[in-house]
Amino acid sequence: MSSAAPLSADRVYRFHRAGDEETLALQGVSFDLNPGEFVAVVGPSGSGKSTLFSCLTGLDEPSGGTVWIDGQRISHQPEALRARLRADHIGVVSQGSNLFTHLTLLGNMRLAQKLSSHPGADIDELLGSLGIQKRSHAYPSELSGGESARAGLAVALANDPSVLIADEPTGELDEATEAGILELFHDRAERGKAVLIASHSAAVRKAADRVLSLEDGRLLS
Ligand code: ADP
Ligand code: MG
């Protein structure tokens, strides 16, 4: 399966129904991520970025279409299998925190590594590259907004995933810190890992190898 794309989405649809009201959050989104590629997803608020990312990470189930991660189908699968694929192959940063509040940052990273069936990243190196090594023993509630954003990335990358899927990961960061994180994404891509980032940031758009524009649940070509 080494030849498979790290991520492949084929005609992904997601409808939300509330009473008689139907929202078409995603209307047939298809794209592949290549190994070593850093891709940004941009689009106005409400265009479907978070819905798309939830479907790609298996946290939500598309109403139609298929998602593969490293050649394995993650959509329309039992939760246990989706969780396994996530633990082994994907780094997930959702809007809001992906940390367990009763564990320190280090505890969260170790848990992510324990859940994965392959060796993870070097924790000290990862914390160092994110500039939060001094905060490793802090609990999530003790972290500032900027530290939380970086902690979320540290936990997402602890399993050394073949694809990082992060929803607005630099939204809370100042320019200099964001630049450091973009460098980290580049380093990952250079090591053959795929990086998919939803963002409003011009710096992210500029740093990416490819930009996908989402509008009303459709990718513009
Ligand atoms: P973005 O992340 O680009 O701001 P979202 O994916 O959050 O966009 O939202 C896409 C559309 O789907 C919006 O119209 C939003 O109101 C709608 N939507 C998202 N989640 C739900 C939900 N759970 N129930 C109903 N509508 C939803
Ligand atoms: Mg969103």
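Summary of the structure given here.

Calculation rules
Residues numbered from 1 in each chain as written. Chains lettered and ligands numbered in written order. Predicted model: local features only at pLDDT ≥ 70, side-chain atom pairs only at ≥ 80, totals over all residues. Heavy atoms only, no water. Donors = N, O, S within 2.8 Å, 3.2 Å for Na, K, Ca; no water. Helix = DSSP H or I, 4+ residues; strand = E, 2+ residues; numbered from the N terminus. Buried < 20%, exposed > 50% of the residue type's maximum accessible area, 1.4 Å probe, protein only. Pairing = 2+ DSSP bridges.

Tetrahedral coordination by four donors sets the ideal angle at the metal to 109.5 degrees; octahedral coordination by six donors sets it to 90 or 180 degrees. Taken together, the protein donors to the magnesium ion (ligand 2) comprise Ser50 (OG) and Gln95 (OE1), at separations of 2.1 to 2.6 Å. Of the two residues, serine 50 sits in helix H1 (residues 49–56) while glutamine 95 sits in the loop between strand E6 (90–93) and helix H3 (105–115), which places them 45 residues apart along the sequence. Overall, the relative accessible area of 52% leaves glutamine 95 in the exposed class.

Where strand E1 (residues 7–18) meets strand E2 (residues 21–33), 10 bridges bridge the pair, whose relative direction is antiparallel. Within the sheet, the bridge partner assigned to serine 8 lies in E2 and is aspartate 32. As paired elements, E1 and strand E4 (residues 64–69) share 5 bridges and run antiparallel to each other. Its bridge partner lying in E4, aspartate 10 is registered against threonine 66.

For aspartate 70, which is not glycine, the phi torsion reads 50 degrees and is therefore positive. Relative to the elements of secondary structure, aspartate 70 occurs in the loop between E4 and strand E5 (72–73). In this structure, aspartate 216 is a non-glycine residue whose phi angle is positive, near 50 degrees. Here aspartate 216 is to be found in the loop between strand E9 (210–215) and strand E10 (218–220).

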